[in-house]
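Structural description and commentary
Spelled out from the first residue to the last, the chains are:
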Amino acid sequence: MPLVRNLLSYVGIHPDRLRLDWVSSAEAPRFAQVTKDFVETVRALGPLAWETLP
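These notes cover the structure that comes with them. (Residues numbered from 1 in each chain as written. Predicted model: local features only at pLDDT ≥ 70, side-chain atom pairs only at ≥ 80, totals over all residues. Heavy atoms only, no water.)

**What to know about the overall build of the protein**
Broken down by element type, the protein carries two helices and zero strands. Here the protein has a C-alpha radius of gyration of 13 Å; the compact-globule value for 54 residues is 10 Å, and the former is much larger. The proportion of buried residues among the 54 residues of the protein is 11%. In the protein, of all internal contacts separated by at least 6 residues, the share reaching a separation of at least 24 is 37%. (Helix = DSSP H or I, 4+ residues; strand = E, 2+ residues; numbered from the N terminus. Rg over C-alpha atoms; globule rule 2.2 N^0.38 Å. Buried < 20%, exposed > 50% of the residue type's maximum accessible area, 1.4 Å probe, protein only. Contact = heavy atoms within 4.5 Å.)

Structure (structure tokens):
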């Protein structure tokens with residue numbers, strides 16, 4: 001994960017757009033919360049500026 005996050009930064013993509021979290025199939029409420037938190041993070045970052053990427 002640290003390597004991939006560094007690669008994302010290198011190409012101009014904020015590393016917070018990548019998240020790895022382990023959730024059991026028996027943890028539906030936790031899955032919903034993790035997903036909600038990630039969606040909020042990505043929305044706060046805004047859309048990718050593809051035209052400025054190398």
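**Let's talk about the pattern of salt bridges**
This model, assessed by the stated rule, comprises four salt bridges. Ionic pairing is found between Asp16 and Arg5, a salt bridge with its closest N-O pair at 3.0 Å. Of the two residues, Asp16 is situated in the loop between α1 (2–10) and α2 (28–45) and Arg5 in helix α1; the sequence distance between them amounts to eleven residues. Here Glu40 makes a salt bridge to Lys36, at a shortest N to O gap of 3.5 Å. One end of the pair is Glu40 and the other is Lys36, both in helix α2 and four residues apart, which spans about a single turn. Taken together, the shared-partner salt bridges in this structure form one network comprising Arg19, Asp21 and Arg30. (Salt bridge = Lys/Arg side-chain N within 4 Å of Asp/Glu carboxyl O.)

**A word on α2**
Along its 18 residues, α2 runs 26 Å from first to last C-alpha, staying within 8% of the 26 Å computed at 1.5 Å per residue. One or two steps after α2, the chain reaches Gly46, where phi turns positive at roughly 85 degrees. (Expected span 1.5 Å × (residues − 1).)

**Here we look at the environment of Ala49**
Examined against the element boundaries, Ala49 turns out to sit in the segment after α2. The class for Ala49 is partly exposed, based on a relative accessible area of 34%. Sequence-wise, Ala49 and Arg17 are 32 residues apart; in three dimensions their C-alpha atoms are separated by 13 Å.

Honestly, it's all geometry; don't read function into it.
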